[in-house]
Amino acid sequence: MRVLIVEDERSLVKGLKYALEKEGYRVSAAYDGKEALEFLRHNRVDLIILDLMLPEIDGLEVCRRLRQRDNTPIIMLTARGDDVDKIVGLELGADDYLAKPFNTRELIARMRAVLRRTASSAQQPGPARGVLTFGGLEIDPGRRRVTVEGRPVELTAREFDLLLTLARRPGLTFTREMLLDQVWGEDYFGDSRVVDVYIRRVREKIEPDPARPRWIITKWGVGYVFADEEG
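Residues numbered from 1 in each chain as written. Predicted model: local features only at pLDDT ≥ 70, side-chain atom pairs only at ≥ 80, totals over all residues. Heavy atoms only, no water.

The protein chain is annotated in an unreviewed UniProt entry as Stage 0 sporulation protein A homolog of Thermacetogenium phaeum. Quoted verbatim from the Function (unreviewed entry) heading of the UniProt record, the comment on the protein chain is "May play the central regulatory role in sporulation. It may be an element of the effector pathway responsible for the activation of sporulation genes in response to nutritional stress. Spo0A may act in concert with spo0H (a sigma factor) to control the expression of some genes that are critical to the sporulation process." (UniProt positions renumbered as here; feature names shortened; annotations may be inferred.)

Here it is in C-alpha cells:
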C-alpha cells in the first residue's frame, strides 16, 4: 500500500514515515498543497494523509480538487478544535479526520479501517434482483450506476452505498447509528454527523429540489427514510 503524507511539519512527517514504513506501507511526502497536487498528477497512491493547514494551497482546497477527479481515501489532520473544519472537510469528501496531537497507533488504526471500507465497497456484489426504479430515479446495484431521468449521476463509493442501503428498504426509517453500522462499518471511529453530510451530498446529486427532497426524507429526531412509492 502506498501512502502520501501532505504535511508541512517536517519533524512530524519524519516520525510518521518511520512508523508507517515499519508497518509495511510505502510512504511519500509533500510539504505544501501545490506540491501534493503536482505529485498526484503523476503518481497513484492508496491513501492520503492530508493536513488542513498547509502553505500555498490549504488542505480543504486540495481535498476539493482531488475529489473532482478521483476517490482516493483521505484522512484529514487538523490542529483546530472547531468542529466546523471537520464537517467542511467531510463535505468536501474526506473519509475521516484526526485532531492533532494524535497517537500514531490511532492513525494507523483509522488508516486500516478506511482502507477496509474502501476495499469492501469496491468488491460488494449487487443484490439478486435487478435495477431499482423509483420514478425517474434508477439504481443499478450490479453495475453500481445511478441515473436520474436518464442522466448518469456520479456518486462516490460511499455515497452509492448509502443510497443503496436506503433504497433497498423503502419505507424503513434508518437511524444514524444504523446507517453508520451498515455503510461505514462497526469499526468507524468518527462523529455520527458524517451521515448528515453524506445525505446532503447525495440529495444534491439526485434530488430535483434538495431543499424539498422527493426520495430521501428526514424523520426529525430519528433519522432518514427512503420514499416507499416505487415507479
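Trainee: Explain the pairing of strand β7 (residues 137–140) to me, and be specific about the residues and the numbers.
Mentor: As paired strands, strand β6 (residues 132–134) and β7 are joined by three bridges and run antiparallel to one another. Bridge pairing in β7 links F134 to L137. Connecting the antiparallel pair β6 and β7 is a turn made up of two residues, with G135 showing a positive phi of about 65 degrees. Sheet topology note: the β7/strand β8 (residues 145–148) ladder contains four bridges and is antiparallel. Within β8, the position partnered with I139 by the bridge is V146. Hairpin connection, β7 to β8: the antiparallel pair is bridged by four residues, and R144 has positive phi, about 50 degrees. (Pairing = 2+ DSSP bridges. Helix = DSSP H or I, 4+ residues; strand = E, 2+ residues; numbered from the N terminus.)

Trainee: Which residues make up the side chain of E7, and what are the values?
Mentor: Within the secondary structure, E7 is located in the loop between β1 (2–6) and α1 (10–22). A polar contact of 2.9 Å, which involves the side chain of E7, links it to the backbone nitrogen of E9. Among all residues touching E7, those that are not within four sequence positions of it are L12, V13, A30, Y31, D51, L54, L77 and K100. (Polar contact = N/O pair within 3.5 Å; in protein donor to acceptor, adjacent residues only side chain to side chain. Contact = heavy atoms within 4.5 Å.)

Trainee: Tell me about the packing of aromatic side chains, residues and numbers included.
Mentor: Under the definition given, this model contains two aromatic pairs. Seen from their ring centres, F134 and F226 are 4.6 Å apart, and the 65 degrees between their planes marks the pair as edge-to-face. Remark: F226 occurs in strand β12 (residues 223–226) and F134 occurs in strand β6; sequence separation between them is 92 residues. When sorted by exposure, F134 lands in the same class as F226, which is buried. Ring centres of W184 and Y198 lie 5.3 Å apart, and the angle between their planes is 85 degrees; on these two criteria the pair is classed as edge-to-face. One end of the pair, W184, is in helix α7 (residues 176–184); the other, Y198, is in helix α8 (residues 194–206), and 14 residues separate them in sequence. Given a relative accessible area of 2%, Y198 falls into the buried group. For the cation-ring pair, R10 lies above Y31, with the distance from its terminal atom to the ring centre recorded as 3.8 Å. (Phe/Tyr/Trp six-rings, centres within 6.5 Å; stacked < 30°, edge-to-face > 60°. Buried < 20%, exposed > 50% of the residue type's maximum accessible area, 1.4 Å probe, protein only. Lys NZ or Arg CZ within 6 Å of the ring centre and 35° of its normal.)

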